[in-house]
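Letter by letter, the chains look like this.
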Amino acid sequence: MAQITPTKRPKKVKATAHAVRPEAELESRLATAIATAFPNIPRDQLVQQRHFRVRLGHETHEFDSAAQWEKSGRADILIFYQERPLAVLEVKRESVPLTHTDFEQAQSYANQITPRPPLVIVTNGADTRIYDANNGQPWSGGDNTATAVEQLLTNAAKVAAADMRWAIEALMGRETGVWPRIVRANTDALIAAMTDPPGAADRPFARDLLFPRLATQRAIKALKGGPIFIVVEGAPVTGKTSLLRELALRMVDSEDLAVLMLRGSGPGLFQTLANLFAAQLEWNITSNDARQWLRRMSNGSTGPTLVVAVDGVDPGTAMAADLEELASLHLGEKLRVILTTDRPESLVKAQNGRTKTGLGAHATLIELGPLGLDEFRAARRTLEGAKIVFLDGAEYSEDYRAPWVLRTIYDNIARDPRYNDPSRGVLLPPSLGLELVDAAREAYADQTDLLRGYRLLARDALADGGAHSAELALTASNGFVIRRDAISGEARDNLASLKAAGWLRTYRHASSDDVVVPTVPAAFLVELADAAADELGRRAEIDPHAAGVWLGRRLGAVYLGDLIGAQAIRSLADKSGGFSSGIISGLLSVEPQEEFVEHALIALATPDGQIVHIKIEDGKAFLSDRHGQIRGEAIDLGAERSRMYADTTPWMILGQFARLPTAVVGDDRQRMDASVLLEIGQCPFPLLRANEKGLGHLEHDLDNLGRVLCQEGAPIEAATQAMADLLSRTWTDADAWVDAALDSGSLPLIHRVMIALRMVRARNIPKLSAWAHDALQNRVHPAITAAITSPDRMYDTDTDQ
């Protein structure tokens, strides 16, 4: 039930001779209206109430008539007679003509007061109209207004309270200032329900953690001047829901946009609104009433634009059907809809794939993917505000661009009791390591249903040996995706429950494959690594070397395959108490390859998510279709030949694995991690995934000696980080290991050792940092200078750093 109550002591009606505008103008209008309505009632018997407290359902809203007048040129005032409410007075400026809507709005206030004022007065100074609040008919007190008023008040006491539905409907109209606060309050409530405290990992948002996106600014621009619908598309867990949260928070005080955020699941747009108003405002309306309310809200000139923000719209749902219907209602300019979806094509295109749907004809699409360079820098500043600092080089790491990765890292740190110590901070390495797996395992340890469902999917994904299209392979290299045709019966039985819990998305991929996507990738990462460990163990019992080869090749096209492979080895060791060195030798045997692209058909992902095929022949590139049929003119690639890398994942797995301290093996008592690093460190090119969204990997070209990363980005190689970690711990064979690297004659290896020693020096470790500086100055830098024998091969060794 809605109700209006006074918030300040009423004051008697009197002229204010020395008041300044705009208060003086308001007083003038009041005096004229009261004199017209009640000519026979002494002024000192009429009392004004200019401040209201309106309660709508569970929320209370304040009204200040003076502030209303100054801002919008209208004010709502209560008139009391003999301590009883007599009239609601709606005052407008003389330049604004009176309409029936003014009466309805004033009547809505009257209907919410008990006892209800029997009169409604609307005036603009030049024109004053008086109505019976009960029936809406014009009212006149005749020659004796005092007697007429007494009769009105007597009758009013006998009349039941008015239908509150009309009152709230008028208050929720565009002419009032109430509705923006109400829709924003509901948005705030939904965001709060979707927000975890620091350290928890159950809900989409973390309190005090929000990574700004450039797409949000594009969305705001489109909402202010673009088509009715904005469709935010992107793969699961790219931050689409967080974009709506950012939009709502940025517009919380806006005079242009008021955001009402809704979930895409449920009974549809109109019924969702009806349910919302019933629960929050005690306004019982039908879905058709909600439809008409949206239509009314889309028109008019006052107040901000209503933005309905719907999170997670799937084709074929009630919400999708209502949004399609909304597109046909001939809406005005004061309503906009922004929605998020994993499957935009089915929402904006008809079944024939060519013509647009009603929604699509009035929509603009905004693509959301991993964080771009500027977005990562903003995220980095956000985390620094939370005492979480990246070490130099992190901007070059593609893996940190996934919002879910940063959220997992933050949650893990926030769970640590030591994090609450204001004097403590956390340093993050330049690129991801197995710490991510540890954090994910801890976060979801008690989510047994989730982990069991993901375990079944992980096993099927790992066993999928079917042919994959180039389009699907690209998707699989940048996120977790499983073909539905590869899912076993047991896993298929769990799909419905996983999807109902929000842990899974299903859609048809551009490759025409039906796929499923885990929406909690951190948990799926853990299960995929454990499934790989189980399979690795089975294969190692038969042939450890072949098992290692299988692990490296199978994970070659899998997202975060190096982390998954290294964790599989660690999990196998934890479960069985050890593992065969044959697995390591198998991984080492698959040496990375560099190939010049002479004749090839290449599939590339563009920044907007489209797949482009390029055919290369005889030093020229052609746009083509997926079958290699050439389109358009040739592009001469010039003298510089393009390169492609193959079989890099096995050695990247070893780089991650070498970051774990390992026991000595063999008769020569060598540490496995140290010996592995001497091998993989000789790779003549960087062992990295491509960085498509940010800083490129700048390299020094050493001709036939290889290519190495420039010093700013060099620490992001897992092998280089492993070397730095190895040399940051007291180890009696450290000098001998450095000597072995120098004696190898491999400039890429020596360069990696140089970067690792600089990292040790920068860590300010007692004794070890000074040792690292001495090794650089007296051994490594001279060795590099000696290895480069011609000026055209020289590169900056930065011996003074």
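Residues numbered from 1 in each chain as written. Predicted model: local features only at pLDDT ≥ 70, side-chain atom pairs only at ≥ 80, totals over all residues. Heavy atoms only, no water.

**Considering unusual backbone geometry**
Despite not being glycine, histidine 330 has its phi angle at roughly 55 degrees, a positive value. With respect to the element layout, histidine 330 can be found in the loop between helix H11 (318-326) and strand S15 (335-341). On the basis of relative accessible area, histidine 330 is assigned to the exposed category, the value being 75%. Positive phi, close to 75 degrees, is recorded for serine 512, a residue that is not glycine. (Helix = DSSP H or I, 4+ residues; strand = E, 2+ residues; numbered from the N terminus. Buried < 20%, exposed > 50% of the residue type's maximum accessible area, 1.4 Å probe, protein only.)

**Here we look at helix H29 (residues 768-787)**
At leucine 776, H29 shows its maximal kink, close to 45 degrees. Regarding H29, the residues found buried are Leu768, Ser769, Trp771, Ala772, Ala775, Leu776, Arg779, Val780, His781 and Ile784. Elements that come into contact with the buried residues of H29 comprise helix H26 (718-727), helix H27 (734-743) and helix H28 (747-762). (Bend = angle between axes of the 7 residues up to and from the residue. Contact = heavy atoms within 4.5 Å.)

**A look at the packing of helix H7 (residues 214-225) against helix H8 (residues 240-250)**
Two elements in contact, H7 and H8, have axes whose closest approach is 10 Å; the angle formed by their N-to-C orientations is 60 degrees. In this view, H7 runs oblique relative to H8, as classed from their interaxial angle. The way H7 lies across H8 gives a crossing that is right-handed. On H8, the residues that touch Ala215, Thr216, Gln217, Ile220 and Leu223 of H7 are Leu243, Glu246, Leu247 and Arg250. (Axes fitted to C-alpha atoms, helices over the stretch in contact; angles between N-to-C directions. Parallel < 35°, antiparallel > 145°, perpendicular 65-115°, else oblique. Left-handed = near helix turned anticlockwise from the far one by under 90°.)

**Notes on the sheet that holds strand S12 (residues 229-233)**
Pairing is parallel in the open sheet, where 5 strands are placed in the order S13-S14-S15-S12-S16. Each edge of the open sheet carries a strand with a single partner, namely strand S13 (257-263) and strand S16 (363-367). Along the sheet, successive strands turn relative to each other by an average axial angle of 20 degrees, direction set aside. Bridge count for S12 against S16 is 5 bridges, and the pairing is parallel. If you follow valine 231 over to S16, its bridge partner there is leucine 365. Along the sheet, H7 makes contact with S12, S13, strand S14 (305-311), S15 and S16, crossing S16 at roughly 170 degrees. Sheet strands touched by helix H9 (residues 269-281): S13 and S14. Its angle to S13, the strand with the most contacts, is close to 100 degrees. (Pairing = 2+ DSSP bridges.)

**Looking at the confidence of the model for the protein chain**
Within the protein chain, residue pLDDT values average 84, and 83% of them lie at 70 or more. Within the model, pLDDT remains below 50 along residues 13-20, and this stretch shows 8 contacts once partners closer than five positions in the same chain are excluded. Predicted confidence is poor over residues 156-164, with pLDDT under 50, and the contacts of this stretch with residues over four places away or in other chains come to 11 contacts. (pLDDT = per-residue confidence, 0-100.)

**Here's the deal with the pairing of S15**
A large share of S15 lies buried, amounting to 7 of its 7 residues. Of the two faces of S15, the one lined by Leu335, Val337, Leu339 and Thr341 and the one lined by Arg336, Ile338 and Thr340 are each fully buried. In terms of strand pairing, S14 meets S15 through 5 bridges, oriented parallel. Each bridged residue has a counterpart across the sheet, and for valine 310 the counterpart in S15 is leucine 339.

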